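# Coordinates in review
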Amino acid sequence: MTGPQTKLDREQFAELFPFHFVVDREMRIIDAGDVLLRICPGITIGSPLANAFSLFLLASPTLHIDREYLIKHKSTLFVFKSSSSDLMLRLQLVILGDPERYIFLGSPWVRNPTELKALHLVLKDFALHDSTVDLLQLVQTTSTSLHDAKQLALRLELNRNELKELVDTANAPILTIDLLGKVRDWNQTTERLTGFSKADAVGKQFVEDFVNEESQQGVRKLLDGSLEGVKNARLEVMLNTRDDRKLLVIFSASPRHDALGKVTAAILVGHDITELDEYRTTLENRVADRTSELSLANAELSRVMRSKDDFLSAMSHELRTPLNAILGLSESLCEGVYGGLTDRQSKSINTIAESGHHLLSLINDLLDIAKIGAGKMELEQSTDSVEDVCQSSMRFVAELASKKKLRMSLVIDPNGPVVHADQRRLKQILVNLLSNAVKFTFEGGSVTLETKCHLERNVMEFSVVDSGIGIAPQDLERLFSPFTQLDSKLSRQYAGTGLGLSLVLRLAELQGGTVSVKSEVGVGSRFTVALPWKSSTSDIATNDHAQDQHATEFSAHESGPLILIADDNESNLLTVGDYLRAHDFRVIEARNGLEAVKTVRTRKPSLVLMDVQMPIMDGIDAIENLRGDMSLAAMPILALTSRAMVGDGERCIQAGANDYLSKPVNLKQLVQTIRNHLNVGPPK
Amino acid sequence: MHGMINKSIEDLVTINFGADKWEAIKAKAGIKVEAFVSNESYPDEMTYGLVGAATEVLGLSVSQVLFAFGEFWVLHTANKGYGDLLKSAGRTMPEFLDYLPLFHTRVALIFPNLKPPRFECSDRHPDRITMHYFSPRPGLSAVVSGMLSGVAKLYETPAEITQTQFKDKGADHDEFLVCWGDSIKK
């Protein structure tokens, strides 16, 4: 081995070993690297080594450097400390002979870049092969990493504290249960609610020590599920408290995982529902109380409703009965039954009669509105001739129309010859509209009732058109409100209940229909009632009823006895008919003797009330006619006679009537008489 | 990519635009790292994602963001992270630039996974030097411009940095001419 056999000049040597120095046998520095000379002013060529450096030894005082020591420890790493600065050199000794020279090779001992700076060194001062720079860079990056790690730890600690604070201050019990069912964590809210401190709880069995017996089984299942990975399972749990209070909590349980995703515990987050539960119980009790109260109230309401119905019924009877007497007696007075009257007396009696009729209308309308409002109005649907219904309605207003010289006309749409509806209520609607038309049309004007069948819409329209005073647009909205007469002057000029149009609207709606109005002040009005209509109704246009051209049945109860009232006076038909219907009779009507005879033969009523004075065929002829038919022999006939015509009663009995009653009829007595003849008692 | 790069982007945004912007950028880039560690290696895509998101959130162009980052890296991050060691790389800007290739070689030795870029110097003159930048990562030449500008500022030496060769225009590497002193007075 001959070695590299290289001869380096001083510059090359200094580049490789910028911190070297050479000492002679007398221990004097005879050469040194330029960098060392720059950073270590204590080194002077020719001066003793001991002046520039001392030897740094572990566990020994600083040692004076001498030749023997160096030779003895030549294989050691020497650490020289500068006498003039903080510089420490780590050196390896190479001894060359002839002349004897001691060459020290190495570099400064620096532990960080700051020391480097303090020694006025830059990286370039080190030889490229010197790992000191690498170590410095490594130290620096490690230091940076440590700094980062500390920052990260600080941030994590901050997050942890924030989380802990959040958990502690959350207004919810939050606790952690480990795999063995022991409490691992227990927040402040749990402490406050249970009265058990975290120190009391941690390490204890959650279920056995803190859960009420009735909830234990459920909680075990909840925890088992959560530890198997089930998230957000919920359960109402009764917890034990230090002071034995009731504590009801809804817990939501979720698994807690470690960094490897393994379940390590169950986290329970709860919501105290103790107050809510108490409130719920209170509420349930209150609901039960209120339900009970409501039941009582309902019962009371039913009783009141029954009372109201009874009241309405009683009012119907009790008001109409004396009113009938008033009307009948007025009529009798007018007819001179009780002797002749002066003009002044006649006028007063007429006023009484008119007021009585008005009152009767008012009572009837009020009762109907009350019935509709209470849902008690029952419709009796039947199919009948449109013309019959219209004619019948027009007859009601014929007298007044005639007095006012009005042109009355009826236009029937041939496409709709029959209508399926509650005939009595339809007639009531039409009579109301026609009465208004007649009432609010000046003398010489016209009133028309026309029908229009809209096949495509299945609607039948009944329109009452007049050339009357008309209605202002702003008044149309409140036209159908009860007790409305648009102009107070009118209410004085034209008598009316103010209920008519309200009743028309309700009756139409009750049958699934509508009411509309078009009007122009000073020109006239058109009121149109549109009712549902089916073309199939035409299939039953020709039935038994159709033969009774002018007889109309208004039946309240299918099972009641059927009574035929034969009278040409519409008011009487209405008054007596309503009263009988109110007492559970079915009623059909005829307006002269001939109609009565025909109707009896087709309808076979249980009993006939026959007025004596009627057009076409009077009552006595009709009775005789009926008695000529042996099949009708058992049918009772009650004659209604006028007190003005003395002997009418006896003539009726002779003609075949079973009994007679004088007008004005006492309605109560009438009903009793009918029941006597039919051998039926009052309804239960 | 070196974690310090990502940390530097975080610091650049947080100091100049606010922490909320940084959170917005992280969210946009889909990065859920709580904090970057300087000497850890992170996927390059993460850094590119952050830069892309930063351009959108801050309303700056990519080259603006990268240049600003390069300057910030030298003046703030490296200065803070390497401190005296950085300054020890040279007493003057030319010395520093001359030492830069060696500096990266040592970094590569210490962190073999980081794959740092390679620098070379040529045409050394008293008032100018040519720096060669070799990197497999595309599109980062603006960062180098910013870094060279930052070094000039670190040594308080007025300088002009001109990119004279472009890898993205077909050259095998990027090249920068750094001039100071008399060369910029001409």
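Quick notes on the rules
Residues numbered from 1 in each chain as written. Chains lettered and ligands numbered in written order. Predicted model: local features only at pLDDT ≥ 70, side-chain atom pairs only at ≥ 80, totals over all residues. Heavy atoms only, no water. Helix = DSSP H or I, 4+ residues; strand = E, 2+ residues; numbered from the N terminus. Buried < 20%, exposed > 50% of the residue type's maximum accessible area, 1.4 Å probe, protein only. Contact = heavy atoms within 4.5 Å. Areas by Shrake-Rupley, 256 points an atom, 1.4 Å probe, with all protein chains shown as cover. Phe/Tyr/Trp six-rings, centres within 6.5 Å; stacked < 30°, edge-to-face > 60°. pLDDT = per-residue confidence, 0-100. Pairing = 2+ DSSP bridges. Right-handed = clockwise from strand over helix to strand, strands pointing away. Expected span 1.5 Å × (residues − 1). Domains from an automatic or database assignment. Buried area = accessible area lost by both parts, 1.4 Å probe. Salt bridge = Lys/Arg side-chain N within 4 Å of Asp/Glu carboxyl O. Polar contact = N/O pair within 3.5 Å; in protein donor to acceptor, adjacent residues only side chain to side chain. Core = buried A, V, L, I, M, F, W, Y, C linked by side-chain atoms within 4.5 Å. Axes fitted to C-alpha atoms, helices over the stretch in contact; angles between N-to-C directions.

When helices and strands are tallied, chain A shows 22 helices and 24 strands. Classification of the 684 residues of chain A by burial places 43% in the buried group. Of the contacts made within chain A by residues no fewer than 6 positions apart, 59% connect residues no fewer than 24 positions apart. For chain A, the exposed area adds up to about 36500 Å²; of that, 54% sits on carbon and sulfur atoms.

For the rest of this paragraph, the subject is the packing of aromatic side chains. Residue and element names in this part refer to chain A. Summed over the entire model, instances satisfying the criterion amount to 16 aromatic pairs over all chains. Note on Phe78 and Phe104: the rings are 6.3 Å apart at their centroids and 75° apart in plane angle, and the pair reads as edge-to-face. With Phe78 in strand 4 (residues 78-82) and Phe104 in strand 6 (residues 101-108), this pair connects stretches of sequence that are 26 residues apart. For Phe104, a relative accessible area of 0% corresponds to the buried category.

Before going further, it helps to examine the confidence of the model for chain A. Looking at chain A as a whole, the pLDDT averages 83, with 88% of positions reaching at least 70. Contacts from residues 537-557 of chain A, a stretch scored under 50 in pLDDT, to residues over four places away or in other chains number 47 contacts.

This brings us to the pairing of strand 20 (residues 562-566) of chain A. For a regular strand, side-chain orientation follows a simple rule: the groups alternate between the two sheet faces. Residue and element names in this part refer to chain A. Within strand 20, 5 of the 5 residues are buried, which leaves it mostly tucked inside the rest of the structure. In strand 20, alternate side chains face the same way, and those of Leu562, Leu564 and Ala566 on one face and Ile563 and Ile565 on the other are all buried. With 5 bridges connecting them, strand 20 and strand 21 (residues 586-590) associate as parallel partners. Within strand 21, the residue paired with Leu562 across the bridge is Arg586. For the handedness criterion, the β-α-β arrangement of strand 20, helix 18 (residues 570-582) and strand 21 is classed as right-handed. Summarising the sheet, strand 20 and strand 22 (residues 607-611) pair through 4 bridges and their orientation is parallel. Across the sheet, residue Ile563 finds its bridge partner in strand 22, namely Leu607.

This part is about helix 10 (residues 213-227) of chain A. Residue and element names in this part refer to chain A. Helix length check: helix 10 (15 residues) gives 21 Å between terminal C-alpha atoms against 21 Å at 1.5 Å per residue, within 8%. Burial in helix 10 covers these residues: Ser215, Gln216, Val219, Leu222, Leu223, Gly225 and Ser226. Packing partners of the buried residues in helix 10 comprise strand 7 (174-178), helix 9 (206-210), strand 9 (233-239), strand 10 (247-257) and strand 11 (263-272). Just downstream of helix 10, Gly229 is the residue with a positive phi angle, here 110°.

Residue and element names in this part refer to chain B. Domain annotation of chain B identifies domain 1 (3-60) and domain 2 (67-185). The C-alpha-based centres of domain 1 and domain 2 are spaced at 22 Å. Of the residues lining the interface, 13 residues belong to domain 1; the matching set on domain 2 comes to 15 residues. Surface buried jointly by domain 1 and domain 2 totals about 1200 Å² across both partners, of which 70% is contributed by carbon and sulfur atoms. For domain 1, the biggest contributors to the area lost against domain 2 are Met4, Leu12 and Tyr48; these three give 39% of the whole. At the boundary of domain 1 and domain 2, one finds 1 salt bridge. If you look at where domain 1 meets domain 2, you find 2 residue pairs in polar contact (both at pLDDT 80 or more).

On to the nonpolar core, then. If you look at the biggest cluster of nonpolar residues, it comprises 91 residues, and the most contacted ones within it are Phe21(A), Leu49(A), Phe53(A), Phe80(A), Phe104(A) and Met131(B). Ranked by residue count, the leading element in this core is helix 4 (residues 62-88) of chain B, at 10 residues. Not counting chain neighbours up to four residues away, the residues in contact with Met131(B) comprise Leu97(B), Leu100(B), Phe119(B), Glu120(B), Cys121(B), Leu148(B), Asp174(B), Glu175(B), Phe176(B) and Val178(B). In terms of nonpolar packing, the next biggest core, distinct from the first, is built from 40 residues, Cys390(A), Cys453(A), Phe462(A) and Leu531(A) among them.

With that out of the way, let us pick up the sheet that holds strand 6 of chain A. Residues and elements named next belong to chain A. If you trace the 6 strands from one edge of the open sheet to the other, you get 2-1-6-5-4-3, paired in antiparallel fashion. Two strands in the sheet have a free side with no partner beyond their single neighbour: strand 2 (29-32) and strand 3 (53-55). Averaged over all adjacent pairs, the angle separating strand axes in this sheet is 35°, with direction ignored. Examined bridge by bridge, strand 5 (residues 88-96) and strand 6 share 8 bridges and lie antiparallel to one another.

A separate point is the environment of Cys121(B). Structurally, Cys121(B) can be placed in strand 1 (residues 118-125). Between the alpha carbons of Cys121(B) and Tyr99(B) there is a distance of 9.0 Å; along the sequence they are 22 residues apart.

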